[in-house]
Every structure is written in structure tokens, then in C-alpha cells.
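So the chains spell out like this:
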Amino acid sequence: IQNSAYCFSCRHFSLPNTPPSVFTLGFSHWKKAMYKDGGFKVHEKSEGHVNAMFAWGEHKKAIVTDCSIHDALNEVYNKKVQENRKYIKKVAEVLLLTATQNIAQRGHHETEEADNRGNFLESLEMIANVIQNEILECLANMVREEIIQEVNESEVFSVITDETKDLKKKEQFSLVLRYYYNGAVHESFLDFQQATRLDAEGIKDKIIHCFERYGLEYRSNLVGQGYDGASVMSGKHSGVAARIKTDAKHAVYVMYCCLLFCTTAEALCVYVWALCSTEVAGYARGLLIQLDLSFVGLLATFRMLLGDAKVLSDTLQSPSLDLAMAVDLVSALKDSFQGYRSETFVDNLWKSIVDTATKCNIAIENAEKKRSQKVNFRLGGSVITSTLGQRKCNDGDKDSFRRTIFYPIVDTILGELDRRFSKDNCEIMRGIQALDPKSTCFLQEEAVVHLGEIYESDSEDLSHELHQKRRLLQRKQQSGIPNLSGIVDLAVFLEPHKDVFHKFFHLCKKAIALPVSSTACECSFSALNLIKTHLRTTMTDDRLSNLGVLSIEARRAKSLDMDRFIKLFATNHQNRRIHLV
């Protein structure tokens, strides 16, 4: 009501059943407002007003008290959160150190009474194993996220997979991604996967599951597959590579030249060769008694051939090697082996074999051809003197050595090189060689366009970009820039102009991403042996995979943002008793 006065306390804080007064309904008798026996003074002393004022005061006290308690509780809670964050951060740093250095975290006995409860609990006596696994998983996933982000930015990648057995005889598959990113070739380890099935369909499902688990767009971005030559992997119609290619049509299978067996074989040859050429104890002399000229001939042959192959094997194990270089190396090795199929070379090799046998006191029969075994003329050429259908190699018979030992070995290696570097693979490699600035066929249009067609690039656009690229290189060379030394350098040169040379730059990235060797997988197996030792065989597969990522990708792991880790862990961890937010 206008021109009226109200009592705030009486209107809002009057006790129940208190009768209304003029000051709750509206006081407008202004002439009596200041009377001693009426108006404001009488209302101020009334029981209803006194009770209302008291209630109002209690209300204000309650507000202040509640705020104080809330603030106090918040202060204590925030302090606890900061302490927990500090503890978890230190725990993560300790776990990260032990993981990257391949140090066991857990002890054999972790009870309070144990003298040695393991490296982790001896360092930090405040956390349970469940939380430890969650921390490792969070750290490993942060590393994987960085790898996946690089792969997605690169747009194209290849997968390299190999298999080994751990100490519990479980088949473990190592999965590595190869891609071009930020001016360099990267081969990044992603996961260990236990192979419950060793057939092609089971292995293919494992690989596809891993792609989908980490959000990799494999159907359009997977451009290469690198496996060993086992039929389950390389089968033309039903192997792993063929099955994956039905889902990812651009995933070309490249059988890398697995010559790692040469290292072991050559080591044996060198070992026995050393026995034959040095002063050794009586035990070794007893061994030499069992040796004959044929055995020495085999040692000399394998030492020479595998020694030459080892150069290619060692070179192919470099992650920075491109396929154009691999083609040159294989071609050179094949030319060398072809050159060994000559009378002059065999004569020199045979002379070396005889000299070695002489030094080792191995009996050498007459170098002239021994009288051949007489066979009844009625049997024609049907007599077989060997279970392998081969003529017997007589000691001291150079012609027989050449025919039954040396040439078959050379031909077998040449055939294996031809199989591993098939016609289809060579077509791809010729295209890649045309992208190599050091190659004599650099920017050869036919080879580059054919490579683009394999990946369904627009031939006309690629041809136009190729002509413009030649002109750009000519102008740059005239301005004095250094010559490009490889496909990676070419990609780095093109990257600032990738919007102009989109097709050509994309083709270069695909060529770089194609797998060359299984070196990264072999390195991951070395880490596996350091992680899953005889004292750590009970660890779960997830823990093994997470520790593997942190160990193999130690450079990435050591550069993680620990404050970001705290935020992620606070969001994802399952133990709600530990307050982090």
C-alpha cells in the first residue's frame, strides 16, 4: 500500500500464530507515528516484534555460521586434494622411472613383515597395486595418444607386426606403426597383444581390434603391411595380409628382406672357422678329427655368402632406410651372387678350402677326380646314391662341390630374394625409386604415375604436379640450395608447398611409410625380455603392454606433462577414496 510503513522483521520472521499488526499490514496513521503511547514506540516494545527481531537475529547468525563451516570444510578439502595430487604425481614419477629403465616394481613378498617388498613399495609405502596399474595405464595411454595424434596428422601409416614367445611360452605380437611426421620417419611401438589364435583370421582380428581400440582410421589411411614370410602372414589368398587388404584396399603387403638368420649362421661359421685356424686345446683337436673336406667347404661357402648378405641385413635394420635404397642393395647382392657362378670364382674358393683344410690337418684326398662308381648300363641314369636324389660329393672333387653344394646354395638364395622382392613389390619399389633424388630415374613420369595409380591417385593431377615440381627444383638448384639426399628430404622440401603439390606430397608420405624391416619389432622383443623376467611372469597382459609402451617409447614417456596426467588420472581412476578434484 502506498504511503504506508512496514516492519521487515515482523513481516518475515514473526512466529507462527502471531496475530497480524498494522506494521505487517501497513501503518499509515502518521499523526500518531511518534506518540509515546502509540505508533512506532508501542510496536517496538510489543511481544510480537521482540520475538520477530530475535528470530531475525538468529537467522543472520545461522547464515554466518554456515558460511564459516562451509569455508572451513572447503579449506580442509582443498588442502587434502593438493596433498593427494602431490603424492600421486610423485608415485607416477617413480613408476615412470622404473618403467623406462625396465626395473621391476613389485617384490616377491609385499607384506609388512617382508624384508624386501620390491622397488616400488620400498620407495613409496603408500599405494596399492590396483592404483599402481591404473597409473601405469594412464601414463601409457598418454604416450599412445601422442602417437595416434601424430599418425592422424600424417594421414597415412603402415603396420609392422612380428611374433615371439615370452617366458611363459605365450605368443606375443608386437604392433608398430610407421609414418612420416614433422620431417622424419617414425616407427612407434603401440601395443603387445597375446595371440590366442595363430591362424590367419585370429591374427587379423587382433590387428584390426587394435586399430579400432585406438581410433586409427585404417580403412582409408593404412597404406602398407610388413610381416615375415610365413605362409599364415603372406598367403596370397587367405593370409593375414590378404584378409586385411579386403578391409583396407590400399594396404600393400611388403615382405621385408628377413636376413636376420644370417647373423646366427655366420656366427657359427666364424666360431668353427676359428677352431680350424687357431691353437686350441685337446678337446677342440678331438672335434677337428670329425671334420672332413666337405664340411670345410660348407663353412667357407656360408661364411662368404652369408657375410655378403649380412651387409644387406644390417642396412635394412635402419629405421631411416627407404625402399629405393633397399632395391639398390638387393640388386647389388643379386648381381654379386650371379657373379659367383663362374669357374674362376669356384677355383679360387676351392683353393681357399684346400688351404684351410691343410692348416687344420684335415685329410685331403687326391685332388684329381676319383674314379666314379660303376653302374650297370641297363639301369641307365636311374641309380640314386643319396636320399635327396643328389650325387654324392666326393672329398677332393672340385666339380662335385661346385655342382652339388655351391651352385645349389647360390641358386637358393637368389630364389629367396626373388620371392621376397616379387614382381608386384618391385613395381612399387620402382615407383618409390623414381621419388628418390639420388636415383637416375628421379621424377620419371611413368614410374611415378604408376605408383600413384596403385593408390588410386588422379593420374592427370599427379602428372601436372610432377611437371611443376621439376621446374621448382630447377629454380631452387639454380639458387644454390643443397641437393636433396632422399625421399624424406624431398617430403620436407615439399611440405611448405603441400597445398599446391597435394597429390605428389601425399604420394611421398605413402612411399616413406611403407615398411622396410622388422627392426622396431625386434627391439620391442628385447624390451619384452627385460620386462617379463623369470621373477615377473605373473604380470597381466595389460600391464605388460603398458610397461612396454613406457619402456620402448621412453623418450616420449619422460617428456609427459605430469600436471596433465594428474587431471586425467583424477577423472578416470576408480578408487574414489582418493580425492583429486
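What you see is a predicted model, and the numbers here were worked out from it, not measured in a lab. (Residues numbered from 1 in each chain as written. Predicted model: local features only at pLDDT ≥ 70, side-chain atom pairs only at ≥ 80, totals over all residues. Heavy atoms only, no water.)

Engineer: Help me understand the overall build of the chain, please; the structure alone is not making it clear to me.
Structural biologist: Scanning the chain from terminus to terminus reveals 25 helices and 5 strands. Across the 581 residues in the chain, those meeting the buried criterion constitute 45%. Surface accessibility of the chain: about 31900 Å² in total, with carbon and sulfur atoms responsible for 53%. (Helix = DSSP H or I, 4+ residues; strand = E, 2+ residues; numbered from the N terminus. Buried < 20%, exposed > 50% of the residue type's maximum accessible area, 1.4 Å probe, protein only. Areas by Shrake-Rupley, 256 points an atom, 1.4 Å probe, with all protein chains shown as cover.)

Engineer: Looking at this model, I keep getting lost on the nonpolar core. Mind explaining?
Structural biologist: Nonpolar side chains in soluble globular proteins generally cluster together in the buried interior. Formed by 63 residues in total, the largest nonpolar core has its most connected members in Phe 211 and Phe 565. The element that contributes the greatest number of residues to this core is helix α6 (residues 129-154), accounting for 11 residues. Among the nonpolar cores identified, the runner-up in size contains 34 residues, and Val 252, Leu 435, Leu 451 and Leu 494 belong to it. (Core = buried A, V, L, I, M, F, W, Y, C linked by side-chain atoms within 4.5 Å.)

Engineer: What's the story with the pattern of salt bridges in this structure? I'm lost.
Structural biologist: A side chain of one charge can pair with a side chain of the opposite charge when the charged atoms of the two come close. Enumeration according to the criterion identifies 21 salt bridges in this entry. Notably, a salt bridge pairs Arg 556 with Glu 150, separated by 3.0 Å at the nearest N-O pair. Of this pair, Arg 556 sits in helix α24 (residues 554-558) while Glu 150 is found in helix α6, placing the two residues 406 residues apart along the sequence. Taking relative accessible area as the criterion, Arg 556 reaches 1% and is therefore assigned buried. (Salt bridge = Lys/Arg side-chain N within 4 Å of Asp/Glu carboxyl O.)

Engineer: What am I meant to see in the packing of helix α19 (residues 459-478) against helix α21 (residues 502-513) here?
Structural biologist: If you want to describe how two helices pack, look at the angle between their axes and the distance between the axes. For the pair α19 and α21, the least separation of the axes is 8 Å and the interaxial angle reads 90 degrees. Classified by the interaxial angle, the pair formed by α19 and α21 is roughly perpendicular. In contact with Asp 461, Leu 462, Glu 465, Leu 466 and Lys 469 of α19, α21 contributes His 502, Lys 503, Phe 504 and Leu 507. Partitioning the contact of α19 with α21 into residue classes produces 4 nonpolar, 1 polar and 4 charged. (Axes fitted to C-alpha atoms, helices over the stretch in contact; angles between N-to-C directions. Parallel < 35°, antiparallel > 145°, perpendicular 65-115°, else oblique. Contact = heavy atoms within 4.5 Å. Nonpolar A, V, L, I, M, F, W, Y, C, P; charged D, E, K, R; others polar.)

Engineer: Looking at this structure, I do not really get the environment of Glu 465. What am I missing?
Structural biologist: With respect to the secondary-structure elements, Glu 465 resides in helix α19. Separated by 35 residues in the primary sequence, Glu 465 and Val 500 have C-alpha atoms spaced 8.0 Å apart. If we ignore the near neighbours within four places in the chain, the residues touching Glu 465 are Val 500, Phe 501, His 502, Lys 503 and Phe 504.

Engineer: Looking at this structure, how should I read the side chain of Thr 301?
Structural biologist: Along the chain, Thr 301 falls in helix α13 (residues 293-316). Within polar-contact distance, the side chain of Thr 301 engages the backbone oxygen of Gly 297 at 2.8 Å. Sequence-distant contacts of Thr 301, that is, excluding residues within four places in its chain, are made with Leu 349, Phe 401, Phe 406 and Ile 409. (Polar contact = N/O pair within 3.5 Å; in protein donor to acceptor, adjacent residues only side chain to side chain.)

Engineer: Where do I start with the pairing of strand β4 (residues 222-227) in this structure?
Structural biologist: The side chains of a regular strand alternate, residue by residue, between the two faces of the sheet. For β4, a buried count of 6 out of 6 residues is recorded, marking the element as mostly surrounded by other parts of the structure. One ladder, built from 4 bridges, connects strand β1 (residues 157-165) with β4; its direction is parallel. Looking at β4, one finds that Phe 157 is bridged to Leu 222. (Pairing = 2+ DSSP bridges.)

Engineer: What is the right way to look at the packing of aromatic side chains in this model?
Structural biologist: Taken as a whole, this structure holds 18 aromatic pairs when the rule is applied. An aromatic cluster of at least three residues, connected via ring pairs, comprises Phe 337, Tyr 340, Phe 345, Trp 350, Phe 401, Phe 406 and Tyr 407. The ring centre of Tyr 407 lies 4.3 Å from the NZ or CZ of Arg 341, which sits over that ring. (Phe/Tyr/Trp six-rings, centres within 6.5 Å; stacked < 30°, edge-to-face > 60°. Lys NZ or Arg CZ within 6 Å of the ring centre and 35° of its normal.)

Engineer: It is not clear to me how helix α22 (residues 519-531) should be interpreted in this structure. Could you clarify?
Structural biologist: In an α-helix, one turn spans 3.6 residues, which is why side chains three or four residues apart end up on the same side. Across its 13 residues, α22 extends 19 Å between first and last C-alpha, which sits within 8% of the 18 Å expected from 1.5 Å per residue. Of the positions making up α22, those classed as buried are Thr 519, Ala 520, Cys 521, Ser 524, Phe 525, Ala 527, Leu 528 and Ile 531. (Expected span 1.5 Å × (residues − 1).)

Engineer: What am I meant to see in the packing of helix α7 (residues 200-213) against helix α10 (residues 240-247) here?
Structural biologist: Relative to each other, α7 and α10 sit at 50 degrees, their axes nearing to 9 Å. Relative to α10, the element α7 is oriented oblique. Handedness of the α7/α10 crossing: right-handed. Contacts between α7 and α10 involve Ala 200, Glu 201, Ile 203, Lys 204, Ile 207 and Ile 208 from the former and Val 240, Arg 243, Ile 244 and Asp 247 from the latter. Classifying every residue of the contact of α7 with α10 by side-chain character gives 6 nonpolar, no polar and 4 charged. (Left-handed = near helix turned anticlockwise from the far one by under 90°.)

Engineer: Honestly, a nonpolar patch on the surface in this entry has me stumped. Any pointers?
Structural biologist: Taken together, the side chains of Trp 30, Met 34 and Phe 40 present a nonpolar region at the surface, about 320 Å² in accessible area. The residue Trp 30 is located in the loop between α2 (22-25) and α3 (39-45) in this model. Note on Trp 30: relative accessible area 40%, which makes it partly exposed. (Patch = residues over 30% accessible without salt bridge, like charges linked within 9 Å, V, L, I, M, F, W, Y side chains within 5 Å.)

Engineer: Looking at this structure, I do not really get helix α25 (residues 562-572). What am I missing?
Structural biologist: All of the buried residues along α25 are Met 562, Phe 565, Ile 566, Phe 569 and Ala 570. Around the axis of α25, the buried residues are gathered within 130 degrees of arc, so they sit on the same side. Residues of α25 that are exposed and point over 90 degrees away from its buried face: Lys 567 and Thr 571. Among the residues of α25, the N-terminal cap falls to Asp 561, whose side-chain oxygen and the backbone nitrogen of Asp 563 are separated by 3.1 Å. (Arc of directions from axis to C-beta.)

Engineer: I tried to follow the pairing of strand β3 (residues 184-194) on my own but got confused; where do I start?
Structural biologist: Counting buried positions along β3 yields 8 of 11 residues, so the element is predominantly enclosed. Summarising the sheet, strand β2 (residues 171-181) and β3 pair through 10 bridges and their orientation is antiparallel. Looking at the pairing, Phe 173 lines up with Gln 193 of β3. From the end of β2 to the start of β3, which pair antiparallel, there are 2 residues, and Asn 182 there has a positive phi angle of about 55 degrees.

In short, shape yes, function no, at least from these values alone.
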